[in-house]
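The residues making up each chain are set out below.
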Protein chains: 4
Amino acid sequence: MKTAKLLLHCPDKPGLIAELTDFITVNNGNIVYLDQYVDHVEKIFFMRMEWDLENFLIPVEKIEDFFTTLYAQKHDMHFKIYFSDRKPRMAIFVSKMSHCLYDMLARYTAGEWNVDIPLIISNHPDLQSAAERFGIPYYVFPINKDNKAELEQQEMKLLRENNIDFIVLARYMQIISEEMIKSYPNNIINIHHSFLPAFVGAKPYHAAYTRGVKLIGATSHYVTTELDAGPIIEQDVTRITHKDTVVDLVNKGKDLEKIVLSRAVQKHIDHKILSYKNKTVIFN
Amino acid sequence: MKTAKLLLHCPDKPGLIAELTDFITVNNGNIVYLDQYVDHVEKIFFMRMEWDLENFLIPVEKIEDFFTTLYAQKHDMHFKIYFSDRKPRMAIFVSKMSHCLYDMLARYTAGEWNVDIPLIISNHPDLQSAAERFGIPYYVFPINKDNKAELEQQEMKLLRENNIDFIVLARYMQIISEEMIKSYPNNIINIHHSFLPAFVGAKPYHAAYTRGVKLIGATSHYVTTELDAGPIIEQDVTRITHKDTVVDLVNKGKDLEKIVLSRAVQKHIDHKILSYKNKTVIFN
Amino acid sequence: MKTAKLLLHCPDKPGLIAELTDFITVNNGNIVYLDQYVDHVEKIFFMRMEWDLENFLIPVEKIEDFFTTLYAQKHDMHFKIYFSDRKPRMAIFVSKMSHCLYDMLARYTAGEWNVDIPLIISNHPDLQSAAERFGIPYYVFPINKDNKAELEQQEMKLLRENNIDFIVLARYMQIISEEMIKSYPNNIINIHHSFLPAFVGAKPYHAAYTRGVKLIGATSHYVTTELDAGPIIEQDVTRITHKDTVVDLVNKGKDLEKIVLSRAVQKHIDHKILSYKNKTVIFN
Amino acid sequence: MKTAKLLLHCPDKPGLIAELTDFITVNNGNIVYLDQYVDHVEKIFFMRMEWDLENFLIPVEKIEDFFTTLYAQKHDMHFKIYFSDRKPRMAIFVSKMSHCLYDMLARYTAGEWNVDIPLIISNHPDLQSAAERFGIPYYVFPINKDNKAELEQQEMKLLRENNIDFIVLARYMQIISEEMIKSYPNNIINIHHSFLPAFVGAKPYHAAYTRGVKLIGATSHYVTTELDAGPIIEQDVTRITHKDTVVDLVNKGKDLEKIVLSRAVQKHIDHKILSYKNKTVIFN
């Protein structure tokens with residue numbers, strides 16, 4: 001079954017759902033999924049709708065144009081349409097820790113994710129062998145203060161050549177430049193090893209240990225130019241006790257990080273996330 | 001703001017959402033909430049919709065009739081409409097344990113719940129003083145094998161006289177007769193002190209202790225004629241260890257039970273639950 | 001069974017457990033509980049031990065003296081001994097919200113807690129009726145900037161007259177003065193309605209809403225002179241979504257707050273908490 | 001640092017901790033870890049103790065003999081001693097699903113686990129490539145009703161030749177024979193994809209879907225001759241809704257299963273589990 005997925009938001013007004021579902025129905029589309037939400041504070045309407053394209057009267061290549069003309073302009077809408085036969089292309093950035101990388105590669109190899117992963121990029125050679133186990137090209141860019149601008153240009157060239165749609169920072173211990181962030185708006189997913197906004201920045205497990213918290217967390221979010229402050233996609237926590245050392249926190253945290261990151265990536269691949277004003281709407 | 005809440009289910013077909021939302025919109029109703037769901041296995045469409053009645057063109061007393069004629073018959077629909085100015089009336093049944101009772105009375109007294117609680121019924125006098133603290137009439141029916149049929153008739157008469165809409169069994173340690181259950185279909189809420197379907201029946205904490213589980217649970221469900229087998233509304237668990245005795249389980253379980261029961265009752269009061277084939281659809 | 005509970009910490013060295021358990025055993029005490037822990041970073045030994053006093057050879061009133069002379073001085077120990085027939089005395093401070101107060105009073109009235117609650121103090125009259133339902137004296141001190149010093153003196157006099165051992169701030173929306181904090185070191189328990197150290201200070205639910213977190217939390221901690229920065233006793237979180245408004249967060253948070261606070265108070269009553277360097281050791 | 005780990009249980013009596021810790025201390029051992037627990041119902045004392053062997057006066061090869069003579073016989077003790085320089089040897093059994101296997105191999109390869117994994121056994125060829133990615137020999141025994149007895153003999157021969165200490169059934173969809181189970185008492189770890197004792201046996205996710213539960217679980221346990229009824233090591237749950245199909249449950253369950261199984265395996269590798277009367281004591 002080939003489907004289209006439409007994600008949109010616009011100022012709320014009465015009749016939007018009736019009008020938008022009618023668009024699909026009268027054109028012989030069969031809605032297989034619909035979720036909508038109204039932010040009554042901002043007065044914004046959000047919707048995600050998926051429909052079967054088999055008997056849909058509007059040709060695939062014209063849907064975006066028709067939708068823009070008939071609805072988007074009229075309702076001041078922001079929207080995106082994705083088609084199920086176009087797999088998103090994902091790049092993974094890693095440094096030295098393997099747990100998130102292995103977790104994603106295992107899902108990818110088992111066919112759990114409708115995604116292509118044409119390459120892995122790192123600032124260290126350490127995980128070359130992990131990439132090779134799964135037959136994915138691994139590129140090392142040993143970024144430091146002096147060569148950062150130049151090597152990021154090379155990275156971005158490589159990403160463009162591989163038609164990368166989005167980037168996953170799988171415990172990548174480098175700050176991404178503003179230029180790269182702006183090239184992939186809401187398309188760079190990071191995993192931060194704390195329950196944000198607690199413990200922003202470096203060494204959150206050390207900070208958690210020092211503060212004596214009773215739960216540690218992990219947060220997956222879109223990267224924006226402000227450090228660890230982008231729209232949050234997913235968070236979770238696990239219980240610790242006074243007996244846990246920093247090393248215990250790091251180890252317990254690994255399980256959290258990989259699950260939280262993979263949940264976020266899965267939602268992104270399935271086009272279930274809409275960002276608005278530094279927050280995310282996560283559709284069912 | 002006076003609103004109407006419509007809950008319905010019917011065989012799924014294309015165009016239902018457009019048609020139903022259109023009904024509100026063309027009659028000048030403003031939809032303040034909509035949630036729908038399609039069970040693709042059973043091919044059933046479920047919806048919950050709430051709209052502002054202020055400018056709604058159809059008079060309140062005729063909405064049900066109009067809806068039946070225009071939609072329900074045509075689409076083989078089951079539906080219910082609730083109006084926000086009609087508070088549901090709830091009876092609480094208790095035995096000797098007070099934790100669920102106090103939790104509900106505290107919410108009720110603080111005005112958290114849009115409900116009336118005109119009476120508490122018990123098979124024991126123990127919680128009379130708890131009821132008195134909150135000024136709610138407390139009736140004791142000391143049910144035993146011999147007088148059960150007769151006392152239940154008296155209970156049902158009392159419930160009818162008080163226009164009770166639904167009953168909450170707050171650790172009521174008596175089995176309700178089939179007749180009473182059938183008089184309140186999907187309107188008797190029980191809290192069972194286990195993670196159902198594990199540990200059905202009496203003494204689930206003892207059974208959990210003997211089995212050596214690492215989590216204990218609580219389950220809130222609608223009562224049907226099969227013991228502990230009705231549609232589940234809400235469940236939760238808490239971690240235990242080998243160090244916990246049966247008494248520890250009972251104590252840890254109390255917090256679970258009261259929270260799980262109160263969450264279920266709140267959803268019921270807010271008309272967010274639809275039962276279908278021994279399962280619940282819980283709207284957002 | 002009358003027991004003694006000993007909590008202690010001292011610099012770690014080999015043989016401490018053998019020596020300390022031997023003290024009980026040779027004096028005909030029967031250890032009913034023992035938990036110990038070594039902080040290998042700080043090199044500190046922590047222990048909690050409870051023993052049956054029935055045949056214990058050392059008279060109750062001399063245990064502290066003997067223990068000081070025989071062990072504490074020798075090992076540079078800090079320790080406290082509690083006897084099971086001495087109920088701790090607890091004061092509750094509230095403002096306007098009742099959920100934590102009711103939760104504690106329900107437990108107290110049901111006999112779950114081995115504590116006396118001789119009084120409730122508030123800066124508002126709102127919860128007078130709640131206190132009256134449970135027959136506990138309620139004192140209003142309408143503190144403001146101008147009268148704070150004077151009224152706190154009156155509060156402290158009242159606390160002393162009632163032999164209060166510890167204070168629970170059950171959503172008390174006033175900052176306690178340094179003098180009062182220092183009079184009850186590690187004996188003032190607060191509930192903060194966030195997952196500390198995230199969202200310190202006022203209006204944490206508003207801050208959580210603005211940041212777009214996917215979990216909200218509550219934290220119970222001992223009060224120190226630095227706001228919301230004292231030793232954490234207990235934390236927990238609950239999942240939220242983009243659909244939750246600030247009001248939803250406040251309501252979902254109430255359940256968290258009362259459970260987290262009551263768990264902390266219960267541990268304090270049971271003398272299961274040792275504070276060390278702004279962190280807590282929580283014994284089993 | 002080379003250490004010894006002692007796990008034991010025996011009938012409880014006063015003075016055991018003092019006596020046993022004294023054994024280490026007087027022989028110049030330094031206790032780096034101690035956890036004990038008394039089951040007051042069964043009146044059984046459980047202890048786990050780890051000490052540095054560097055200056056320990058009793059030679060390693062004589063410790064077991066000395067301990068037996070001096071303590072075990074006297075106190076009717078069951079005990080085991082493990083030395084940190086002897087890595088346990090683990091075999092993994094799989095069928096067709098890869099998620100648990102990959103999770104364990106990723107941890108193993110990253111050096112998180114102090115274990116050797118000399119082989120993987122399967123009744124299907126499907127995961128051969130997964131094993132090859134990590135360079136671990138993969139043996140297929142296509143067991144069916146007719147050849148089961150014979151192929152299990154071959155499997156057991158292979159396990160013996162590889163000095164396997166314990167077996168992990170990582171979603172191995174075959175029932176192990178009584179003979180094999182008895183050859184590895186408390187040394188075969190299974191992951192069952194439900195919250196046991198709910199949904200014992202085949203197709204638990206289908207059963208969970210049909211029952212309409214609001215949480216699904218996973219349980220790791222030692223295998224005994226009664227199906228899914230052995231001592232539970234670890235359990236966890238995750239929230240589902242009416243929207244989740246059986247396929248959704250299977251997918252959400254995978255994350256649970258792999259984490260719950262890996263937690264159990266880690267505790268087994270670290271010798272933190274003692275089984276007693278079909279329940280486990282899990283030391284910190």
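Scroll up to find the structure.
In this text, all values refer to a predicted model and were calculated from it rather than measured experimentally.

Asks: Kindly report on the environment of D:Asn147, identifying the contributing residues and their values.
Replies: All names here are of chain D. On the secondary structure map, Asn-147 appears in the loop between strand E7 (138-140) and helix H5 (148-161). Taking the relative accessible area as the measure of exposure, Asn-147 reaches 18% and is therefore buried. Along the sequence, Asn-147 and Phe-66 sit 81 residues apart, while their C-alpha atoms lie 47 Å from each other. A distance of 2.6 Å separates the side chain of Asn-147 from the backbone nitrogen of Asn-144, its partner in a polar contact.

Asks: Outline the relation of the copies chain B and chain A, listing residues and values.
Replies: The operation relating chain B to chain A is a screw motion whose rotation component is 180 degrees, with 0.0 Å of axial translation and a residual RMSD of 0.0 Å. Considering both components of the superposition, the chain copies are consistent with a two-fold axis. Taking C-alpha positions as reference, the residue of chain B nearest the rotation axis is B:Ala18, located at 2.1 Å. A symmetric contact is evident, with 100% of the interface residues of chain B recurring at the interface of chain A.

Asks: Describe in detail the interface of chain C and chain A, supporting the description with residues and values.
Replies: Each side of the interface is counted separately: chain C has 35 residues, and chain A has 35 residues. The junction of chain C with chain A conceals about 3000 Å² of combined surface from both sides, 54% of it contributed by carbon and sulfur atoms. Here chain C is connected to chain A by four salt bridges. The salt bridge partner of A:Glu234 is C:Arg239, with a shortest N-O separation of 3.4 Å.

Asks: Run through the sheet that holds strand E9 (residues 188-192) of chain D, naming residues and quoting values.
Replies: Residues and elements named next belong to chain D. Spatially, E7-E6-E5-E8-E9-E10-E11 is the arrangement adopted by the seven strands of the open sheet, whose pairing is mixed. Strands with a single pairing partner mark the edges of an open sheet, and in this sheet they are E7 and strand E11 (232-239). When strand polarity is set aside, the average angle formed by the axes of neighbouring strands in this sheet is 20 degrees. In terms of strand pairing, strand E5 (residues 89-94) meets strand E8 (residues 166-169) through four bridges, oriented parallel. Counted as the bridge partner of Phe-93 is Leu-169 from E8. On the sheet, H5 packs against E5, strand E6 (116-122), E7 and E8 and is oriented at approximately 170 degrees with respect to E6.

Asks: Residue-level account of the packing of aromatic side chains, with values.
Replies: The geometry of an aromatic ring pair is captured by two quantities: the separation of the ring centres and the angle between the planes. For the structure on display, the rule yields 48 aromatic pairs over all chains. With 6.0 Å between their ring centres and 90 degrees between their planes, A:Phe23 and A:Phe56 make a pair best called edge-to-face. With A:Phe23 in helix H1 (residues 16-26) and A:Phe56 in the loop between strand E3 (44-52) and helix H2 (60-75), the pair connects residues that are 33 residues apart, well separated along the chain. Taken as a pair, A:Phe23 and A:Phe56 share a single burial class, namely buried. Among the aromatic residues, those joined into a ring-pair cluster are A:Phe23, A:Trp51, A:Phe56, A:Phe67, A:Tyr71 and A:Phe79. B:Arg48 extends its terminal NZ or CZ atom over the ring of B:Tyr33, reaching a point 4.6 Å from the ring centre.

Asks: Mind laying out unusual backbone geometry, listing which residues take part and the relevant values?
Replies: Residues A:Leu196 and A:Pro197 are joined by a peptide bond in cis, for which omega reads 5 degrees. By the secondary structure assignment, A:Pro197 is in the loop between strand E9 (188-192) and helix H7 (204-211). Residue C:Lys43 is not a glycine yet carries a positive backbone phi of 55 degrees. Mapped onto the elements of the fold, C:Lys43 is located in the loop between strand E2 (30-39) and strand E3 (44-52). Positive phi, normally seen in glycine, also occurs at D:Asn28, with a value near 70 degrees. Turning to its location among the elements, D:Asn28 is positioned in the loop between helix H1 (16-26) and strand E2 (30-39).

Asks: Describe the packing of H1(A) against helix H1 (residues 16-26) of chain B, with residues and values.
Replies: With their axes 8 Å apart at the nearest point, H1(A) and H1(B) run at an angle of 150 degrees to one another. Considered as vectors, H1(A) and H1(B) are oriented roughly antiparallel to each other. Of the two elements, H1(A) crosses H1(B), and the hand of that crossing is left-handed. Here A:Ile17, A:Ala18, A:Thr21 and A:Asp22 of H1(A) come into contact with H1(B), specifically with B:Ile17, B:Ala18, B:Thr21 and B:Asp22. Split by residue class, the contact of H1(A) with H1(B) holds four nonpolar, two polar and two charged.

Asks: Could you give me a rundown of a nonpolar patch on the surface, with the residues and numbers involved?
Replies: Residues A:Ile175, A:Val200 and A:Leu227 make up a contiguous nonpolar surface patch of roughly 280 Å² in combined accessible area. Judged by relative accessible area, A:Ile175 falls into the exposed class, the value being 55%.

Asks: Could you give an account of the relation of the copies chain C and chain A, with specific residues and numbers?
Replies: For the pair chain C and chain A, the superposition axis carries a translation of 0.0 Å, the fit reaches an RMSD of 0.0 Å, and the rotation angle comes to 180 degrees. Of all interface residues in chain C, 100% are interface residues in chain A too; the two copies therefore contact each other through one and the same surface.

Asks: Kindly report on the environment of C:His40, identifying the contributing residues and their values.
Replies: Checked against the element boundaries, C:His40 lands in the loop between E2 and E3. Given the relative accessible area of 47%, C:His40 is considered partly exposed. Separated by 219 residues in the primary sequence, C:His40 and C:Ile259 have C-alpha atoms spaced 32 Å apart. Within the local environment of C:His40, its side chain forms a polar contact with the backbone oxygen of D:Val32, the two atoms lying 3.2 Å apart.

Asks: So, helix H8 (residues 246-269) of chain B: which residues are in play, and what are the values?
Replies: Residue and element names in this part refer to chain B. Between the first and last C-alpha of H8 there are 34 Å, a value that for 24 residues agrees with the 34 Å anticipated at 1.5 Å per step. Helix geometry: H8 is bent most strongly at Gly-253, by close to 30 degrees. Looking one or two residues past H8, His-271 carries a phi angle of roughly 55 degrees, positive in sign.

Asks: Give a description of the pattern of salt bridges that names residues and reports values.
Replies: Enumeration according to the criterion identifies 74 salt bridges over all chains in this entry. Between A:Arg239 and C:Asp236 there is a salt bridge, with the nearest N and O atoms lying 3.5 Å from each other. Within this pair, whereas A:Arg239 is found in strand E11 (residues 232-239), its partner C:Asp236 is found in strand E11 (residues 232-239), the two belonging to separate chains. On the basis of relative accessibility, which here comes to 37%, the residue A:Arg239 falls in the partly exposed class.

Cut-off values and rules
Residues numbered from 1 in each chain as written. Chains lettered and ligands numbered in written order. Predicted model: local features only at pLDDT ≥ 70, side-chain atom pairs only at ≥ 80, totals over all residues. Heavy atoms only, no water. Helix = DSSP H or I, 4+ residues; strand = E, 2+ residues; numbered from the N terminus. Buried < 20%, exposed > 50% of the residue type's maximum accessible area, 1.4 Å probe, protein only. Polar contact = N/O pair within 3.5 Å; in protein donor to acceptor, adjacent residues only side chain to side chain. Least-squares fit on C-alpha atoms with pLDDT ≥ 70 in both. Contact = heavy atoms within 4.5 Å. Buried area = accessible area lost by both parts, 1.4 Å probe. Salt bridge = Lys/Arg side-chain N within 4 Å of Asp/Glu carboxyl O. Pairing = 2+ DSSP bridges. Axes fitted to C-alpha atoms, helices over the stretch in contact; angles between N-to-C directions. Phe/Tyr/Trp six-rings, centres within 6.5 Å; stacked < 30°, edge-to-face > 60°. Lys NZ or Arg CZ within 6 Å of the ring centre and 35° of its normal. Parallel < 35°, antiparallel > 145°, perpendicular 65-115°, else oblique. Left-handed = near helix turned anticlockwise from the far one by under 90°. Nonpolar A, V, L, I, M, F, W, Y, C, P; charged D, E, K, R; others polar. Patch = residues over 30% accessible without salt bridge, like charges linked within 9 Å, V, L, I, M, F, W, Y side chains within 5 Å. Areas by Shrake-Rupley, 256 points an atom, 1.4 Å probe, with all protein chains shown as cover. Expected span 1.5 Å × (residues − 1). Bend = angle between axes of the 7 residues up to and from the residue.

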